2 protein chains.
Amino acid sequence: MPERVTLRDVAVLADVSAKTVSRVVNGADHVTPTTRARVQQAITELGFQPNLVARSLRVGRADVIGLVVESLADPFFARLTSSVEQAAHERGLAVMVSSVGNQVPERESLVVESLLVRQVAGLIVAPMAQDHGYLAGARQRTPVVFVDRLPEGIVSDAVLVDDLAAGEMATGHLIDHGHRRIAFLGSELRNPTTRLRLAGYRRALARHGLDADESLVAVGAGSAGEARSAAEQLLGGERPPTAVFSSNMRCSLGLVPLLHSSGRTDVAVVSFDDFPMADSLVPAVTVIDHDPEVIGRAAAERLFRRLEDLDAAAETVIVPFRLVPRGSGELSPPGGTGRDRELGQDEVLATDREQDMAHHGVEGGRRP
Amino acid sequence: MPERVTLRDVAVLADVSAKTVSRVVNGADHVTPTTRARVQQAITELGFQPNLVARSLRVGRADVIGLVVESLADPFFARLTSSVEQAAHERGLAVMVSSVGNQVPERESLVVESLLVRQVAGLIVAPMAQDHGYLAGARQRTPVVFVDRLPEGIVSDAVLVDDLAAGEMATGHLIDHGHRRIAFLGSELRNPTTRLRLAGYRRALARHGLDADESLVAVGAGSAGEARSAAEQLLGGERPPTAVFSSNMRCSLGLVPLLHSSGRTDVAVVSFDDFPMADSLVPAVTVIDHDPEVIGRAAAERLFRRLEDLDAAAETVIVPFRLVPRGSGELSPPGGTGRDRELGQDEVLATDREQDMAHHGVEGGRRP
DNA sequence: AGCGACGTTGTCATCGATGTCAAGCCACTG
DNA sequence: CAGTGGCTTGACATCGATGACAACGTCGCT
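Residues numbered from 1 in each chain as written. Chains lettered and ligands numbered in written order. Predicted model: local features only at pLDDT ≥ 70, side-chain atom pairs only at ≥ 80, totals over all residues. Heavy atoms only, no water.

### A short note on unusual backbone geometry
Stage number 1. For His-30 of chain A, which is not glycine, the phi torsion reads 60 degrees and is therefore positive.
Stage number 2. Considering the arrangement of structural elements, one finds His-30 of chain A in the loop between α2 (18-25) and α3 (33-46).
Stage number 3. Look at Asp-15 of chain B: it is not a glycine, yet its phi comes out positive at around 60 degrees.
Stage number 4. Position of Asp-15 of chain B among the secondary structure elements: in the loop between α1 (7-14) and α2 (18-25). (Helix = DSSP H or I, 4+ residues; strand = E, 2+ residues; numbered from the N terminus.)

### Considering the domain arrangement of chain A
Stage number 1. Domain boundaries in chain A define domain 1 (7-50), domain 2 (56-161 + 293-318) and domain 3 (163-291 + 322-359).
Stage number 2. Each of domain 1 of chain A and domain 2 of chain A has a C-alpha centre, and these two points are 36 Å apart. (Domains from an automatic or database assignment.)

### Observations concerning the sheet that holds strand β8 (residues 243-246) of chain B
Residues and elements named next belong to chain B.
Stage number 1. Here six strands make up an open sheet; going across it, the order is β7-β6-β8-β9-β10-β12 and the pairing mixed. Of all strands in the sheet, those bounded by a partner on one side alone are β7 (217-218) and β12 (322-324).
Stage number 2. When β8 meets strand β9 (residues 268-272), the two strands line up parallel, connected through four bridges. Considered in β9, the bridge of Ser-246 is made with Ser-271.
Stage number 3. Across the sheet, helix α7 (residues 163-176) is in contact with β6 (182-185), β8, β9, β10 (286-289) and β12; its angle to β9 comes to roughly 170 degrees.
Stage number 4. Packed onto the sheet, helix α10 (residues 249-261) meets β6, β8 and β9 and runs at close to 155 degrees relative to β9. (Pairing = 2+ DSSP bridges. Contact = heavy atoms within 4.5 Å. Axes fitted to C-alpha atoms, helices over the stretch in contact; angles between N-to-C directions.)

### What about the side chain of Glu-85 of chain B?
Stage number 1. Along the chain, Glu-85 of chain B falls in helix α5 (residues 75-90).
Stage number 2. For Glu-85 of chain B, the side chain forms a polar contact with the side chain of Ser-99 of chain A, separated by 2.5 Å. (Polar contact = N/O pair within 3.5 Å; in protein donor to acceptor, adjacent residues only side chain to side chain.)

### Focus: the sheet that holds strand β11 (residues 316-319) of chain B
Stage number 1. Strand order in the open sheet made by the 12 strands is β11(A)-β5(A)-β4(A)-β3(A)-β1(A)-β2(A)-β2(B)-β1(B)-β3(B)-β4(B)-β5(B)-β11(B), with mixed pairing throughout. Looking at strand neighbours, the two that pair on one side only are β11 (316-319) of chain A together with β11 of chain B, the edges of this open sheet. Across the sheet, the axes of successive neighbouring strands diverge by a mean angle of 20 degrees, strand direction being ignored.
Stage number 2. Here strand β5 (residues 157-161) of chain A runs beside β11 of chain A; their pairing, made up of four bridges, is parallel. Note on β11 of chain A: the bridge partner recorded for Val-159 of chain A is Val-317 of chain A.
Stage number 3. Against the sheet, α5 of chain B engages β2 (94-99) of chain A together with β1 (64-69), β2 (94-99), β3 (122-125) and β4 (144-147) of chain B, with an angle of about 170 degrees to β1 of chain B.

### Remarks on the interface of chain B and chain A
Stage number 1. With 45 residues of chain B at the contact, the number on the chain A side is 45 residues.
Stage number 2. Buried surface at the junction of chain B and chain A, both sides included, amounts to about 4100 Å², of which 63% is carbon and sulfur.
Stage number 3. It is Val-53, Arg-118 and Met-277 of chain B in chain B that bury the most area against chain A; as a group they hold 16% of the surface buried on that side.
Stage number 4. For the pair chain B and chain A, the interface holds two salt bridges.
Stage number 5. We note a salt bridge from Asp-63 of chain B to Arg-118 of chain A, for which the minimum N-O separation is 3.6 Å.
Stage number 6. For the pair chain B and chain A, the number of links is 12 residue pairs in polar contact (both at pLDDT 80 or more). (Buried area = accessible area lost by both parts, 1.4 Å probe. Salt bridge = Lys/Arg side-chain N within 4 Å of Asp/Glu carboxyl O.)

### Concerning helix α6 (residues 107-116) of chain A
Stage number 1. Three or more residues of α6 of chain A are buried, namely Glu-108, Val-111, Val-112, Leu-115 and Leu-116 of chain A. All buried residues of α6 of chain A lie within an arc of 140 degrees about the axis, which places them on one face of the element.
Stage number 2. Contacts made by the buried residues of α6 of chain A are with β1 (64-69), β2 and β3 (122-125) of chain A together with α5 of chain B. (Buried < 20%, exposed > 50% of the residue type's maximum accessible area, 1.4 Å probe, protein only. Arc of directions from axis to C-beta.)

### Things to note about the packing of aromatic side chains
All names here are of chain B.
Stage number 1. On inspection of all chains with the given rule, the structure shows six aromatic pairs over all chains.
Stage number 2. Aromatic side chains Phe-184 and Tyr-201 sit 5.3 Å apart centroid to centroid with 55 degrees between the ring planes, which places their arrangement in the tilted category. With a gap of 17 residues between them, Phe-184 in strand β6 and Tyr-201 in helix α8 (residues 192-207) connect regions that are remote in the sequence. Of the two residues, Phe-184 and Tyr-201, both sit in the buried class. (Phe/Tyr/Trp six-rings, centres within 6.5 Å; stacked < 30°, edge-to-face > 60°.)

### Some details on the protein's contact with DNA strand D
Stage number 1. Residues in contact with DNA strand D amount to 24 residues; listed here are only the nearest, Thr-20 and Thr-35 of chain A together with Leu-7, Ser-22 and Arg-58 of chain B.
Stage number 2. Sugar and phosphate atoms form 61% of the subset of DNA strand D atoms that lie within 4 Å of the protein.
Stage number 3. Within the backbone of Ala-54 of chain B, an N or O atom sits 3.4 Å from a base nitrogen of DNA strand D.
Stage number 4. Of all elements in the fold, only α2 and α4 (52-59) of chain A together with α2 and α4 (52-59) of chain B reach the threshold of two or more residues within the surface near DNA strand D.
Stage number 5. Per-element accounting of the surface near DNA strand D gives the leading share, four residues, to α4 of chain B.
Stage number 6. Across the surface near DNA strand D, the residue classes tally to eight nonpolar, nine polar and seven charged. (Near = heavy atom within 4 Å. Nonpolar A, V, L, I, M, F, W, Y, C, P; charged D, E, K, R; others polar.)

### Some details on the relation of the copies chain B and chain A
Stage number 1. When chain B is fitted onto chain A, the two copies agree to an RMSD of 0.1 Å after a turn of 180 degrees and an axial shift of 0.0 Å. As the rotation angle and translation indicate, the two copies are arranged about a two-fold axis. Closest to the rotation axis within chain B is the C-alpha of Met-96 of chain B, separated from it by 2.2 Å.
Stage number 2. When the interface residues of chain B are mapped onto chain A, 100% of them again lie at the interface, so the same face is used by both copies. (Least-squares fit on C-alpha atoms with pLDDT ≥ 70 in both.)

### Some words on the packing of helix α9 (residues 224-235) of chain B against α10 of chain B
All names here are of chain B.
Stage number 1. At their nearest, the axes of α9 and α10 sit 7 Å apart, and the two run at 50 degrees to each other. On the basis of their axis angle, the class for α9 and α10 is oblique. In this structure, α9 crosses over α10, and the sense of that crossing is right-handed. Across the interface between the two elements, Ala-224, Ala-227, Arg-228, Ala-231, Glu-232 and Leu-235 of α9 pack against Arg-250, Cys-251, Leu-253, Gly-254, Leu-255, Pro-257, Leu-258, Leu-259 and Ser-261 of α10.
Stage number 2. When its residues are assigned to classes, the contact of α9 with α10 shows 10 nonpolar, two polar and three charged. (Parallel < 35°, antiparallel > 145°, perpendicular 65-115°, else oblique. Left-handed = near helix turned anticlockwise from the far one by under 90°.)

This is the structure:
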């Protein structure tokens, strides 16, 4: 059972003080090359590894960032986590992940606290809770960057997709292909993301002079299974939709298999969130693609900058999205309406404004 | 800027010693209900939260476990991570994740060390490196449970799927459906998992008296893109296979879209690893399913037990797998061979031995 | 009454590193 | 040659909690 090697052991062997070893380990100035070499020698000889927990205690924060997501098993969050982890690793930071679980948004504050007591240097949170006032105190010490959704009851850095514009584009795409009865499939309305996408859906309908049939709006599906049932009900209705805007991946993972297994591949679909194999189905699924990798990296970079300047104003970063036409979103309604037409490639891109934001990558919008 | 509240602050307010507060916080015995109440009162009044970093320093280990995987973006590892995180959370442990990246197995030891210096209580590692001797010293202090693959050059706890048996079953399934020219698609051979699955493939061929055509074995595909090219080459060969055993998800994510986009849905496929949408394709993809959730939880449970008994003998846990027939694996070869037949449901299950292990969930196999 | 046993509480040192501050040393200057 | 300043180095306290051990009080027993 080899004893732990501490800084002091190295100091004794190199015949210097612990402080000097500390200087060498941290690459600090003011150490003679001779001394440095002797210490290095002792370090390798003993195989010394600094105890980062001790360092964290002394400096008051761990070189770790916390990441809070809904579920790690969800491919969107998995890819987000992956990119955050990579960005952190490049800065020598470790990542602690915690998932909240999609049924219990209240757990969010507990999960966050379990990270705070471990003295994480900063947090990246994909919010689920209704209110984030509970973070007000902690943020003085521990910066937080929100991703995917805006926090409520608090002003903070955030990295977002323009859900409203994306929802509008998805719905507009279906309208442009001649659809008049378009269903909206979404999860809980208390989720701001869902609300924004739904608002985009309604705005597209309004802009095209279509009236919204509330019976075509199915929200509240918390799992793929529930989404499947909800979709089943929509399609079995009296005047079923000819197209569906599925507003997140879970919904799509319920809807699409349903359409395939019931042979209803005539129903047009646009899915918010790309998902694996979406391009291998027949028809391949048209999606709004927003790169979780881009979001994750942007959030990490924002957090790193924030760690260096705790007092800067809160900033919102908008990351780009695009519509990827693959077939399912370009199906015409049965019978057609004569208004259907081929779209030019450019029309599937975000509007000028969004593209502009997208390519600049950053929007310095300060919220009051 | 609110000062941090420490145990000492609570002690002063409650007019007791720091030690007593510590006792209350940790639910230790020997504290009068009265005192306890007074301390509790002070704790809530001040909103005290213990500093787990300080505790970790004192007790010599953090209440954190480290998880090392190849890539968090890979759905298999994402689900594994998710289940490990859940199990850890139930025990009040946090999880630090690190990914190695699939191109640089050498990075594994670096990643592991970055966790060790943070004093993680234990590690769960999906090994990529060739040799794990580098862990020999650390394991004295920090237990390690390997998942998915056996470590090399070291004896340790491990949670595995019986890759050999699974490879044999997948290949046997295709043979049973009349195929005689079956290709093997896999990643690097230095990966023991690939080697075992390939061995299973060969054993199935041998058992059925088929000779192995080495031109049908394509290994080395490290990404879906490479797998796609490899598959393209296999199918474009002189005597192309009528069936493919794709030995992991990355390969399947290259192969399956290729088959679909080139209209070659007549080629039979069995995929090792289930993947999203596999059941919505036409034909749906027959897979060997081994639950990453089960593996993750088993590994976590093993690690927890190990944390309580550092000296117990190394144990290998074998988790169950099953073949899920969905269509792609049951296609007959063009022209058929007359030997094709319908399979009874029971035949798609693992052999008695594996099922037995599976349901017991644990195999106490000690390795010398 | 005196004694030991036990339950409660406190004192002090400690985990391993780093910030503060000062001492030591050398060189260079006037 | 004393004085000044810069560079190296070290002594010591400290981060916030907990382990070891001791002191104290209370109780029950002989």
